[in-house]
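What the coordinates show
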Amino acid sequence: MTRKTKGIIVLSLICAAVVAITVSVVLIVINANANPFEGTWISADKRGSYTFFEDGSMKTFIPGDKLPVIETPYNGSLDGTYAYDKSENEISITLSVYSKEITSRYTYEIEDNTLTLTNTENKETEKYNLIVAQD
């Protein structure tokens, strides 16, 4: 092998390493900024669900449970919005029902495909499983 060939091989290896490192850094940055909630989550008891969208809007299905504030049973889907704070592991969910807005605040933990929400007011905990991730 000539000296020139060895130089080209070394240069090629260095370029490949730089590309691999750059791609790794980009993927880390993308994942760090990714919205962990995007997708459809179904409750562990399979009765209710949340679908979170990238733009901060959401839909939820409520299976005949009493809604907070209005204390009326509701069976169906509701539109809402959400906002989260990764540094505090908190999410607020605002639902619109019967021309009222109901906001609930939770601490959250996401491990694998399981979302655990703990209501900051009454400390009740609910678990949800990710069934459809948003693209």
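Residues numbered from 1 in each chain as written. Predicted model: local features only at pLDDT ≥ 70, side-chain atom pairs only at ≥ 80, totals over all residues. Heavy atoms only, no water.

Some remarks on the nonpolar core
Just so we agree on the cut-off: As used here, the term nonpolar core means buried Ala, Val, Leu, Ile, Met, Phe, Trp, Tyr and Cys residues forming a set that is joined through side-chain atoms within 4.5 Å. In this scheme, a residue with accessible area under 20% of its type's maximum is buried, one over 50% is exposed, and one in between is partly exposed, where area comes from a 1.4 Å probe on protein chains only. Strands are runs of DSSP state E lasting at least 2 residues, helices are runs of H or I lasting at least 4, and numbering of each runs from the N terminus.
By size, the foremost hydrophobic cluster in this structure holds 19 residues, and its most contacted members are Tyr50, Phe52, Ile91, Ile93, Leu115 and Leu117. Taken together, the elements giving at least two residues each to this core come down to β2 (49-52), β3 (57-66), β4 (73-85), β5 (90-97), β6 (100-111) and β7 (114-119). No other element matches β5, which puts 4 residues into this core.

Considerations on the environment of Gly64
Put simply, the rule reads: Whether two residues are in contact is decided by their heavy atoms, any of which lying within 4.5 Å being enough.
Inspection of the secondary structure puts Gly64 in strand β3. Take Gly64: its relative accessible area is 35%, and that puts it in the partly exposed class. With 12 residues separating them in the primary sequence, Gly64 and Gly76 have C-alpha atoms 7.5 Å apart. Gly64 has contacts with Pro73, Tyr74 and Asn75, leaving out every residue within four places of it along the chain.

Quick notes on the confidence of the model for the protein
Detail in the predicted coordinates should be disregarded across regions flagged by low pLDDT. Applied cut-off: Confidence per residue, as judged by the predictor, is encoded in pLDDT with a range of 0 to 100.
This prediction gives the protein a mean pLDDT of 81; 76% of its residues lie at or above 70. Across the protein, β7 holds the top mean pLDDT of 96, while helix α1 (residues 3-33) sits lowest at 61. Within the model, the stretch residues 25-32 combines pLDDT values under 50 with 2 contacts to residues more than four positions away or in other chains.

Some remarks on the pattern of salt bridges
Stated precisely, the cut-off is as follows: For this analysis, a salt bridge means a side-chain nitrogen from Lys or Arg found within 4 Å of a carboxyl oxygen belonging to Asp or Glu.
As enumerated under the stated definition, the model contains 1 salt bridge in all. Salt-bridge contacts for Asp79 lead to Lys59; the nearest nitrogen and oxygen are separated by 2.5 Å. Of this pair, Asp79 sits in strand β4 while Lys59 sits in strand β3, and the two are 20 residues apart along the sequence.

Notes on unusual backbone geometry
The phi dihedral of Lys46 falls on the positive side, at around 65°, and the residue is not glycine. Looking at the element boundaries, Lys46 is found in the loop between β1 (39-43) and β2. In this structure, Lys123 takes a positive phi of about 65° despite not being glycine. Checked against the element boundaries, Lys123 lands in the loop between β7 and β8 (125-132).

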